Every structure is written in C-alpha cells, then in structure tokens.
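A look at the structure
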Amino acid sequence: MGENTVIVVQARVSSSRLPGKVMMPILGKSLLHRMIERLQMIKHKVLIVIATSEALSDDIIEHEANQIGIPCFRGNLNNLLDRHYQVAKKYYADTILKIPSDCPLIDPRIIDQVLDYYFANPGQFDYVSNLHPATFPDGNDVEIMTMHCLEKTWREATRQLELEHTTPYIWENQEVFKIGNVIWGAGKDYSMSHRFTIDYQADYDFINRVFEELYPQKTDFSCEDILSLLKQKPGIYEINAQYAGVNWYRNHLNELKTVSTEQTKVTFN
C-alpha cells in the first residue's frame, strides 16, 4: 500500500472499575499479551505500539511490552488523544488504528475487514470504524484515521471526553470529516447483547473461560467461534450478561450528538 499503518493500543494499570485488568492472567500470560497475540494475526502489515502513561504504576506495562517484544510509548495519563498523536508522530504513521487494550477477544478478521474497507476506498475517508453505529459484539472495536484527521483533532478538540476517548471529536463533526462505518453482514446486531470486553470481574471470568474453551484447539479462534460456543454452553454467556450494552457512552449522553440511548445501557445491576 505504501502506507505506514500503526496500531496504538492504549493501556494503563489504573483502571477505575477493575485496576490492573490488562495484567490479569489468561492461560499463563497477561491479558495484554493475549490481546497483542491476536493483533499480530491480522494479514495487513502494521506496527503495533503499546501506549501507556508516565505514571510509575505503568512501569509494569512498559516491562510487559518489552517482554512481548513490541514498542512502548509513555505519555499523558488522561489525555489519550495526545498519546495517540505523539505515537503517530514518533512512528511516522500515515494511518492510525485505535484499539483499546480491554478487547482481548478481538477477532483479527474483523480488524482486517475494516482495514480492507478503508484501503479499498483510497482518499475517500478521514475516519472509518465499526462503532458508529456499532453492530459487532462489544470488544471488537476498530477505529482507523488518517494522520491528517488525527492531527486536526489533536489541534482542535478541547472537551475532556474528547481528550480522554480520542475520537469523539471526529464522529461528532461529521460535516468536517469524511466518515465511514463497517457493519456486520446479514443485518446482525450483537452490539448490545454480547460483551467481549473487560471492565468488571465477571468480564474477566467470561474472557478467561472463552480462552480455556477455544484457545487450545484454535489459537486464532474467531468471533463466530465464540458465538457458537455460547450457543452450545449458554452458561458461559450468562457469566457477564448483566453488563451487555454497558459502555462509557452512558455517562455522556447529554454531551454527545451522535450517540443515542439505544446504543448504551444506562441502568444495570
């Protein structure tokens, strides 16, 4: 392609709901390591960088990145937009993928699908994701942006949620940016019913169980493989079902134009 594509994996220990979640063990390796392993399965040529903070508590993240053998960048603790921009600048990125570190079940095929769409339409998009609106199971989050788009966002975004979550400024300004969205085929929408991400202990228990069931036989198990497993063993689905549809949007519905109440669960047990 001639494009320098960089995947930025944001990771920190100081998670408010489940501290240290990215270092929790999955089949003898950290959750972060397992996720990077899945990112390395994509067919596109990319550079993967773990972007953590300068806080002392995140020394362990840098150490883990060194153990895995991939670059680690350390930047602002709360300004994730700045962290993404500084990584992109340092590694001369043309195309940046934002993939959060709490998605260890992310399907490499889905990442490739979104990249395929982006590269099949050269120059047509500043930003492409599978999130606006979302149709894939939560935890398959892929956001792609050009360096120009990221830099413009970095220069212009000011609201705290825009700095903390990196991309809201882009999808809140659809008259400024050319935005594309990839949806799951056949009219499926599992975004509110299936949760493959981690924020709570139940999520960890669910993810750990999925790995135990699928990984030994097929290290590159797919999203469909997980869905088949959950049909065969509905008890696994129930482990974290109460949190399905719960995401960060729920606290910002009054601040976001492009997210509706149907796209997040506001109350839950």
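What comes next is a walk through the structure. Since we're looking at a predicted model, the values are computed, not measured. (Residues numbered from 1 in each chain as written. Predicted model: local features only at pLDDT ≥ 70, side-chain atom pairs only at ≥ 80, totals over all residues. Heavy atoms only, no water.)

1. Re the overall build of the chain
Scanning the chain from terminus to terminus reveals 10 helices and 9 strands. Its C-alpha atoms give the chain a radius of gyration of 17 Å, within 12% of the compact-globule value 18 Å for 269 residues. Within the chain, residue pairs in contact and separated by at least 24 positions form 71% of the contacts whose partners lie at least 6 positions apart. If you sum the accessible surface of the chain, you get close to 11,500 Å²; carbon and sulfur atoms cover 49% of it. Of the side chains in the chain, 27 bear a positive and 35 a negative charge, and the two mean positions are spaced by 1 Å. (Helix = DSSP H or I, 4+ residues; strand = E, 2+ residues; numbered from the N terminus. Rg over C-alpha atoms; globule rule 2.2 N^0.38 Å. Contact = heavy atoms within 4.5 Å. Areas by Shrake-Rupley, 256 points an atom, 1.4 Å probe, with all protein chains shown as cover. Lys, Arg positive; Asp, Glu negative; His and termini not counted. Charge placed at Lys NZ, Arg CZ, Asp CG, Glu CD.)

2. Considering the pairing of strand S4 (residues 47–53)
Most of S4 sits out of view: 6 of its 7 residues are buried. Here 5 bridges tie strand S1 (residues 5–10) to S4, and the two strands are oriented parallel to one another. What sits directly across from Ile7, in S4, is Ile48. Of the strand pairs in this sheet, S4 and strand S5 (residues 72–75) are connected by 4 bridges, and their pairing is parallel. Its bridge partner lying in S5, Ala51 is registered against Phe73. (Buried < 20%, exposed > 50% of the residue type's maximum accessible area, 1.4 Å probe, protein only. Pairing = 2+ DSSP bridges.)

3. Quick notes on the packing of aromatic side chains
Describing an aromatic ring pair means giving the distance of the ring centres and the angle of the ring planes. The final tally for this structure, using the stated rule, is 10 aromatic pairs. Judged by centre distance (5.2 Å) and plane angle (70°), the ring pair of Tyr118 and Phe119 falls under edge-to-face. A relative accessible area of 14% means that Phe119 is categorised as buried. Among the aromatic residues, those joined into a ring-pair cluster are Phe136, Trp184 and Tyr190. The ring of Phe221 carries Arg38 above its face, with NZ or CZ at 4.1 Å from the centroid. (Phe/Tyr/Trp six-rings, centres within 6.5 Å; stacked < 30°, edge-to-face > 60°. Lys NZ or Arg CZ within 6 Å of the ring centre and 35° of its normal.)

4. Concerning the environment of His148
By the element assignment, His148 lies in helix H5 (residues 147–156). We classify His148 as exposed; its relative accessible area is 57%. Distance in space between the C-alpha atoms of His148 and Asp126 is 7.8 Å, their sequence separation being 22 residues.

5. So, the pairing of strand S8 (residues 143–146)
On S8, burial covers both faces: Glu143 and Met145 on one face and Ile144 and Thr146 on the other are all buried. Here strand S6 (residues 95–100) pairs with S8 via 4 bridges, running antiparallel. Pairing of Leu97 across the sheet is with Ile144, part of S8. One ladder, built from 3 bridges, connects strand S7 (residues 127–129) with S8; its direction is antiparallel. If you follow Val128 over to S8, its bridge partner there is Ile144.

6. Things to note about empty space enclosed by the protein
Evaluation of the coordinates by the stated rule reveals 1 cavity of 30 Å³ or more. One number sums up the size of the largest cavity: a volume of about 30 Å³. For the largest cavity, the full set of lining residues is Ser193, His194, Arg195, Phe196, Phe206, Tyr237, Asn240, Ala241 and Ala244. Taken together, the residues of the lining of the largest cavity sort by class into 5 nonpolar, 3 polar and 1 charged. (1 Å grid on protein atoms, 1.4 Å probe; cavity = no way out; pocket = protein on both sides within 12 Å on 5 of 7 lines; lining within 4 Å. Points joined across faces, edges and corners; volume = space filled by probe spheres on them. Nonpolar A, V, L, I, M, F, W, Y, C, P; charged D, E, K, R; others polar.)

7. With respect to the nonpolar core
Core analysis: the biggest nonpolar cluster contains 55 residues, and Ile36, Leu39, Leu105, Ile111 and Val210 have the highest contact counts within it. Those elements giving two or more residues to this core turn out to be S1, helix H1 (31–39), S4, helix H2 (59–68), S6, helix H4 (108–120), helix H8 (201–214) and helix H9 (223–232). By size, the runner-up hydrophobic cluster in this structure holds 23 residues, among which are Val87, Tyr127, Met147 and Trp171. (Core = buried A, V, L, I, M, F, W, Y, C linked by side-chain atoms within 4.5 Å.)

8. Details of the sheet that holds S7
Spatially, S5-S4-S1-S6-S8-S7-S9 is the arrangement adopted by the 7 strands of the open sheet, whose pairing is mixed. Bordering the open sheet on either side are S5 and strand S9 (179–181), each of which pairs with just one other strand. The average undirected angle you get between the axes of adjacent strands in this sheet is 25°. Strands in contact with H1 are S1, S4 and S6; relative to S1, the strand with the most contacts, it is inclined by about 160°. Across the sheet, H4 is in contact with S1, S6, S7, S8 and S9; its angle to S6 comes to roughly 155°. (Axes fitted to C-alpha atoms, helices over the stretch in contact; angles between N-to-C directions.)

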